[in-house]
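Overview (structure and organization)
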Amino acid sequence: MEVEFRKDNFLLPETKYEYLDHTADVQLHGWGATLKEAFEQCGVAMFGYMTDLSYVTVKNCYEIEAKGDDIEGLLFHFLDELLFLFSAEPYLVCKKLEITKFDLDNFEIVCRCYGEPFELGRHPQGTEVKAITYSAMQVVQDAVKGLYEVFVIIDI
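In the nomenclature of an unreviewed UniProt entry, the chain corresponds to Archease domain-containing protein from the organism Drosophila navojoa. Within the UniProt record for the chain, the comment given under Sequence similarities (unreviewed entry) is "Belongs to the archease family."

This is the structure we're talking about:
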């Protein structure tokens, strides 16, 4: 669902993700000071693999919801909802994700997705992401170090 947002004082977060090699696929590695931030970074990493985000302008904001049975299921369904947002109308490529509800008791997420519809010729075509996988999925929480990490293999 598209939602209104204000563009004044709109800041993009620091990049905290990388791509790790994996046989025939790619592994997304996102991290942050909170688990919520690590989820957001992993989602942006997926969009960054599909196109060069420096070409993306923030024009639209859509809100998605995801639910899971556990933390890994929540991460899977979160990324799957983001992939659907890109793969079907509005074909949104997101430059920023803002999780507004991160409920780890009920495993629910509500997220605002900022970006614009993908346009060939305007946005470089990266690698198509076919699906999210559970294979080797990890959610690492090191509260002592204040570092949270997620690792997800995507099918390309």
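What follows is about the packing of helix H1 (residues 35–50) against helix H2 (residues 71–87). It is the contact of H1 with H2, at a shortest axis distance of 11 Å, that shows an interaxial angle of 35°. Crossing handedness for the pair H1 and H2: right-handed. Every residue of H2 that contacts H1 at Leu35, Phe39, Cys42, Gly43, Met46, Phe47 and Met50 is listed here: Ile71, Leu74, Leu75, Phe78, Leu79, Leu82, Leu83 and Phe86. Taken together, the residues of the contact of H1 with H2 break down into 14 nonpolar, one polar and no charged.

Our next topic: the pairing of strand E8 (residues 147–155). Strand residues, when the strand is regular, have side chains that alternate between the two faces of the sheet. Within E8, seven of the nine residues are buried, leaving the element largely enclosed by the surrounding structure. Across seven bridges, the pairing between strand E2 (residues 25–32) and E8 is antiparallel. The residue bridging Val26 from the neighbouring strand is Ile154, located in E8. Sheet topology note: the strand E6 (residues 131–132)/E8 ladder contains two bridges and is antiparallel.

Here we come to the sheet that holds strand E3 (residues 60–67). A sheet is described by the order of its strands in space; here three strands give the open sequence E3-E5-E4, paired in antiparallel fashion. Edge positions in the sheet fall to E3 and strand E4 (92–103), since each of these pairs with one other strand and no more. In this sheet, neighbouring strand axes are inclined to one another by 25° on average, regardless of whether the strands run parallel or antiparallel. Looking at chain direction, E4 and strand E5 (residues 108–117) are connected through ten bridges and run antiparallel. Looking at the pairing, Cys94 lines up with Gly115 of E5. Where H1 meets the sheet, its contacts fall on E4 and E5, and the angle it forms with E4 comes to roughly 160°. Contacting E3, E4 and E5, H2 crosses the sheet at an angle of about 145° to E3.

Next up on the list: the environment of Ile64. Along the polypeptide, Ile64 turns up in strand E3. Residues Ile64 and Val139, 75 residues apart in the sequence, show an inter-C-alpha distance of 21 Å. Beyond its immediate chain neighbours, meaning those up to four positions away, Ile64 contacts Phe78, Glu81, Leu82, Leu85, Ile109, Val110, Cys111 and Cys113.

We now examine the nonpolar core. The biggest cluster of nonpolar side chains holds 44 residues, and the ones touching the most others in it are Phe39, Phe78, Leu82 and Cys113. When residues of this core are traced back to their parent elements, those giving at least two are E2, H1, E3, H2, E4, E5 and E8. Residue contributions to this core peak at ten residues, all from H2. Apart from the residues within four sequence positions on either side, Leu82 is in contact with Gly43, Met46, Phe47, Ile64, Leu97 and Cys113. Val3, Phe5, Cys61 and Tyr114 belong to the second largest nonpolar core, which has five residues in total.

Following the sequence through the fold, Lys96 ends up in strand E4. Put simply, Lys96 is tucked away with no salt bridge, and the nearest opposite charge, on Glu98, sits 5.0 Å away. Among the polar contacts listed, one links the side chain of Lys96 to the backbone oxygen of Leu11, at a separation of 3.0 Å. For Lys96, the contacting residues outside a window of four places in its chain are Phe10, Leu11, Leu12, Pro13, Val44, Arg112, Cys113 and Tyr114.

Parameters at a glance
- Residues numbered from 1 in each chain as written.
- Predicted model: local features only at pLDDT ≥ 70, side-chain atom pairs only at ≥ 80, totals over all residues.
- Heavy atoms only, no water.
- UniProt positions renumbered as here; feature names shortened; annotations may be inferred.
- Axes fitted to C-alpha atoms, helices over the stretch in contact; angles between N-to-C directions.
- Helix = DSSP H or I, 4+ residues; strand = E, 2+ residues; numbered from the N terminus.
- Left-handed = near helix turned anticlockwise from the far one by under 90°.
- Contact = heavy atoms within 4.5 Å.
- Nonpolar A, V, L, I, M, F, W, Y, C, P; charged D, E, K, R; others polar.
- Buried < 20%, exposed > 50% of the residue type's maximum accessible area, 1.4 Å probe, protein only.
- Pairing = 2+ DSSP bridges.
- Core = buried A, V, L, I, M, F, W, Y, C linked by side-chain atoms within 4.5 Å.
- Lys, Arg positive; Asp, Glu negative; His and termini not counted.
- Salt bridge = Lys/Arg side-chain N within 4 Å of Asp/Glu carboxyl O.
- Polar contact = N/O pair within 3.5 Å; in protein donor to acceptor, adjacent residues only side chain to side chain.

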